[in-house]
Amino acid sequence: MPLNTIRLTAVAAAAVAFLSAMQTDAHAQVTSATAADGGEQRMEITARKRSEPLQEVPVAAKTFSAEALADENVNDLKSLAARTASATTFDQGVSFASEVVLRGAGIGRAVNAETATGLYRNGAYASGGNIGGRSFNKMDFFDVQRVEVMRGPQGALFGRGAVGGAMNIINVRPQFTASRSATLTAGENQALGLEAIVNQPLSEQVALRVGVKSNSAKGGTVTDVASGAPLDAERFDGARVSLAYSGKQFSYQLMADGFSEAGPSFGVYQFVLAQPTTRFTRAFNTPARFGRNEWTVIGEGQWDLGAATVVALTQLKGRDAHTRDDFDRFNNIAATNANLQSWERFSEDNMRRFGHELRVQNANPGALQWLAGVEFLRLEDTFTVDLTGALARARPNNSINTTISNDTSVGWFGLLGYDLARQLNATLELRQQSDRKKFRIGSTTNTFPTGTSVALQDTGPVTTTTLTQNFDRKFDGLAKVLALTYKHSRELNAYLRYGEAFRPGGYNNDPDRNTSSSTPPGPRFSIAYEQEHAKTTELGLKTEWFQRRLRMNVAAYRTTIDDILINANVSTTPPGSSTSRVIQYIENGGRSRLEGIELDLHLNLPAPGPSGQLIVDGALNLTDSLLTTGNFAGRDVPLVRPKAGTLGITYQMKTFGWQREFDNLKAQHLRGGYQDAANAIAMDDVDIVNLNLGARGANWLVTLNVSNVNNYLYITSYNNQQRLTGYTSAPRSWSLRAGVTF
């Protein structure tokens, strides 16, 4: 482990020991206000398929309450990752394409690839498909009880590629107390939003919860250079119905929601770096738009058998999405090429998923804790990319690629824990998983008949060729976790954890038809790639003192990933065309090593003013990474920030009879890292400050959010190694939110 990491680990351990020694004397010095309100609430987490105190679970984790999410304006995957240690997002400007990289896992991303961080909603696997299939959506973040983020391999219990970790959004269940709430939002770019929730008990055993969410922005940050019309206007409309039954021995909840969304596609936020004045203006002849309709049904039943509890979790999910982009502008092709001025890319994705999990676990775990379960997942997806609009002699640039995926996954998992002594617990988690992937590629291209003269290429016929390939492969893996937990005291827990997880292999969707005479004819990369396998050793300390006013958790880890999946690309020129395009694909890149230390800090101090409080909340990670074998051996692991941190400072007090007034300042600091495995594309540094001002009463809330107060602009990702084009970050914006509960 690097020397600076060792030193920081030693400093953190010394600080923990010092504070632990002070605990007895310092406890008496806690203010009377702290003693009166009993300190802060204990945070819960379901990292081991049951609700447990966050501080007692042997995993590096953080939870976000509904109030914290609202106060800090966390409403998508990017803003969640910004508040999580060792998390970054691969960002192409549009939220539906954001993908999280957690502890260096997930750097290989492409069509049909599995995520390396498991995304879950109410415990059900949320990922799958292509357009919008590797990120959370607005409906996921609607009516949330809390969000859990678990770092490090979680594949033993969660499965499905949870190599870097897992994120689980838990929505509010129907309550047996009647309530109504409504929230209005207004902001930059003529943004308007409405959220309304009705919760109604129907009987002593049945409760109903109904919610609607609608957002629109008629204005925009990016405008058309000729008309001035906004190109990133958006609209979102969604609704959810939840029904809960609670009996003496059986309970069940059924949640169904759906939404329709329209907004900007990739090309809107991409600009030519040599033309900085065009950062927020575009000259499109084809609108760059995105749209999707998505629905989800989740049902969960629990049977109380006395000594054990049986849980059944079922999910149905469907998505129909599409994007449309001005492809000649997207590829920075000169507008003087009249034959390509109408060249566009249209993609369409139709996904259906079914999942079911059945598990049994002891109801009141004491010295012995156990759990056993089985999970079945099925995915059907059809993804089409249609390049069209090239005219005359440029017609060979038109093509159609269609991929049909039919994936099934079966996993058997279990947990066995035992208290070896009053303060020492050992836990073993295992999952045997088998993934079968059936994959079909249909690729249609256009070429001129042999011998066609240049003069006839503008008006003569083209030959259409279709290449069809079928694949059927099985990937097996054993994920495991072994953890030792030492409970020194109520305030201090230490753990040692070893975990293994894997991300299933798959197939690239865009075959290489290389016929160049300068290289050996034939494909330059394989359609299929193997699964990657991660091993992590982690040492953690979890501490909290002064009635949970101070919480400081530290984790130091070392991870190796074998057959790590990385992105690569080749340039290809269709026969008969003078225009090349880039084929992006995934390949196995050898072994990687990552070592790092993470710190999660929460501090609540008395402050001036009526019932004044100063709350400090932060996350820090220092990471050293290296590709140790393969074509890029000796280079840093891409998309890993060596230094990253977030710090929030909140001042709140009671005033004017309000429950509390709060001012929150949140800063994000990212340094270093590369976008690609060759380390040719350095990622931009980031220093973003967000401000939230608000007041909360017993049944009302008003907040003002200013994002990117310092108006810091950077490139979120570059489109090629030459750094000719890139995706811009968003400028400063504001929103005003008012809500009432009755």
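Along each chain, numbering runs from 1 in the same order as the chain's sequence is written. Restriction of local features to residues with pLDDT of at least 70 applies here, the model being predicted, together with a cutoff of 80 or more for giving and counting side-chain atom pairs; totals for whole chains, interfaces and linings are based on all residues. Values reported for side chains reflect all heavy atoms of the structure, with hydrogen atoms and water molecules removed beforehand.

## Section: unusual backbone geometry
With a phi angle near 55°, Asn122 is a residue other than glycine that sits in the positive phi range. Counting through the fold element by element, Asn122 comes out in the loop between strand 6 (117-121) and strand 7 (124-125). Located in the positive-phi region is Gln190, a residue other than glycine, with phi close to 55°. Strands are runs of DSSP state E lasting at least 2 residues, helices are runs of H or I lasting at least 4, and numbering of each runs from the N terminus. You can see Gln190 is positioned in the loop between strand 10 (179-187) and strand 11 (191-201). Buried, partly exposed and exposed residues are distinguished by accessible area as a fraction of the type maximum, computed with a 1.4 Å probe on protein chains only: under 20%, between the cut-offs, and over 50%, respectively. Given the relative accessible area of 53%, Gln190 is considered exposed.

## So, the sheet that holds strand 6
In this analysis, strands are considered paired if DSSP registers two or more bridges between them. With respect to topology, five strands assemble into an open sheet ordered 3-8-9-6-7, the strand pairing being mixed. The strands lining the two open edges of the sheet, one partner per strand, are strand 3 (60-65) and strand 7. Where strand 8 (residues 144-151) meets strand 9 (residues 165-171), seven bridges bridge the pair, whose relative direction is antiparallel. Among the inter-strand pairings, Val149 is bridged to a residue of strand 9, identified as Met167.

## As for the pairing of strand 28 (residues 532-545)
Judged from the 12 bridges that link them, strand 25 (residues 492-503) and strand 28 form a sheet pairing that is antiparallel. Considered in strand 28, the bridge of Leu496 is made with Leu539. Here 13 bridges tie strand 28 to strand 29 (residues 550-562), and the two strands are oriented antiparallel to one another. What sits directly across from Gly540, in strand 29, is Ala555. Between strand 28 and strand 29, which follow one another and run antiparallel, lie four residues, and Phe546 among them has a positive phi close to 55°.

## Comments concerning the packing of aromatic side chains
Two rings from Phe, Tyr or Trp (for Trp, the six-membered ring) form a pair when their centres sit within 6.5 Å of each other. Planes less than 30 degrees apart are called stacked, planes more than 60 degrees apart edge-to-face, and all others tilted. Applying the stated criterion across every chain yields a total of 15 aromatic pairs. Taking 5.9 Å as the distance between ring centres and 90° as the angle between the ring planes, the aromatic pair formed by Phe136 and Phe141 counts as edge-to-face. By relative accessible area, which is 12% here, Phe141 ends up buried. Measuring from ring centre to ring centre gives 5.0 Å for Phe327 and Trp343, while their planes differ by 75°; the resulting arrangement is edge-to-face. One end of the pair, Phe327, is in helix 5 (residues 327-330); the other, Trp343, is in the loop between helix 5 and strand 20 (344-362), with 16 residues separating them in the sequence. The burial state of Phe327 is the same as that of Trp343; both residues are buried. An aromatic cluster is defined as three or more aromatic residues linked by ring pairs; in this entry it consists of Tyr245, Phe250, Tyr252 and Trp303. Stacked on the ring of Phe158, the Lys or Arg Lys49 has its end atom at 5.0 Å from the ring centre. Our definition puts a charge over a ring when NZ of Lys or CZ of Arg is within 6 Å of the ring centre and also within 35 degrees of the ring normal. Arg103 extends its terminal NZ or CZ atom over the ring of Tyr557, reaching a point 4.1 Å from the ring centre.

## Describing the side chain of Asn553
Topologically, Asn553 is positioned in strand 29. Polar contacts, as used here, are pairs of N or O atoms within 3.5 Å; protein pairs need one atom able to donate a hydrogen and one able to accept it. Residues neighboring in sequence count only if both atoms are side-chain atoms. At a separation of 3.2 Å, a polar atom in the side chain of Asn553 contacts the main-chain amide nitrogen of Thr543. Beyond its immediate stretch of four places on either side in the chain, Asn553 contacts Gln55, Leu541, Lys542, Thr543, Glu598, Leu599 and Asp600. Whether two residues are in contact is decided by their heavy atoms: any pair within 4.5 Å suffices.

## Topic: the environment of Thr650
Mapped onto the elements, Thr650 comes out in strand 34 (residues 643-653). Overall, the relative accessible area of 12% leaves Thr650 in the buried class. Residues Thr650 and Phe376, spaced 274 residues apart in sequence, show a C-alpha to C-alpha distance of 44 Å. In terms of polar contacts, Thr650 uses its side chain to reach the side chain of Asn664, at 2.5 Å.

## Examining the confidence of the model for the protein chain
One number per residue, pLDDT, summarises how confident the predictor is, and it ranges from 0 to 100. Looking at the protein chain, the pLDDT average stands at 88 and 91% of residues meet or exceed 70. Under a pLDDT of 50 for its full length, residues 5-38 has, in the predicted model, 40 contacts with residues more than four places off or in other chains.

## Considerations on the nonpolar core
By nonpolar core is meant a set of buried Ala, Val, Leu, Ile, Met, Phe, Trp, Tyr and Cys residues that side-chain atoms within 4.5 Å join together. If you look at the biggest cluster of nonpolar residues, it comprises 25 residues, and the most contacted ones within it are Phe96, Phe266, Val268 and Trp343. Those elements that provide at least two residues to this core are helix 5 and strand 21 (368-388). Per element, the largest residue contribution to this core is three residues, and it comes from strand 21. Not counting chain neighbours up to four residues away, the residues in contact with Phe96 comprise Ile131, Gly132, Ser135, Pro264, Phe266, Phe290, Arg292 and Thr323. The next biggest cluster of nonpolar side chains, apart from the first, holds 19 residues, and it includes Ala501, Ile564, Val640 and Met683.

## Thoughts on a nonpolar patch on the surface
Where nonpolar side chains cluster on the molecular surface, the patch consists of Leu368, Leu416, Tyr418, Leu420, Leu424, Leu484, Tyr486, Leu496 and Leu539 and spans about 810 Å² of accessible area. If you list the elements that add at least two residues to the nonpolar patch, you get strand 22 (399-421) and strand 24 (463-487). At three residues, the largest contribution of residues to the nonpolar patch is made by strand 22. For Leu368, a relative accessible area of 41% gives the class partly exposed. In this analysis, a patch consists of residues with relative accessible area above 30% that form no salt bridge, clustered at 9 Å for like charges and at 5 Å for the nonpolar side chains Val, Leu, Ile, Met, Phe, Trp and Tyr. Using a 1.4 Å probe, the Shrake-Rupley method yields the accessible areas, and only the shown protein chains count as cover for residues. Salt bridges, as used here, are contacts in which a Lys or Arg side-chain nitrogen is within 4 Å of a carboxyl oxygen on Asp or Glu.

## A look at the sheet that holds strand 38 (residues 715-718)
Spatial strand order, 16-39-38: three strands in an open sheet with antiparallel pairing. The open sheet has two edge strands, strand 16 (270-272) and strand 38, and neither has a second partner. Adjacent strand axes in the sheet meet at a mean angle of 40°, parallel and antiparallel pairs treated alike. Pairing between strand 38 and strand 39 (residues 725-728): three bridges, direction antiparallel. Angles run from 0 to 180 degrees between N-to-C directions of axes, and those axes are lines fitted to C-alpha atoms, restricted for helices to the stretch in contact.

## Description of the pattern of salt bridges
Side chains that differ in charge, positive against negative, can pair when their charged atoms come close. Using the criterion set out here, one finds 47 salt bridges in the structure. Across the salt bridge formed by Asp140 and Arg121, the nearest N and O atoms sit 2.7 Å from each other. Pair noted here: Asp140 is in the loop between strand 7 and strand 8 and Arg121 is in strand 6, with a separation of 19 residues, a long-range link. Put simply, Asp687 and Arg671 hold a salt bridge, and the shortest N to O gap is 2.6 Å. Taken together, the positions of Asp687 in strand 36 (residues 686-696) and Arg671 in strand 35 (residues 660-671) put the pair 16 residues apart, joining distant regions of the chain. According to the relative accessible area criterion, Asp687 is partly exposed, its value standing at 22%. Through salt bridges with shared partners, a single network forms among Lys138, Glu261, Arg292, Glu294, Lys317 and Arg319.

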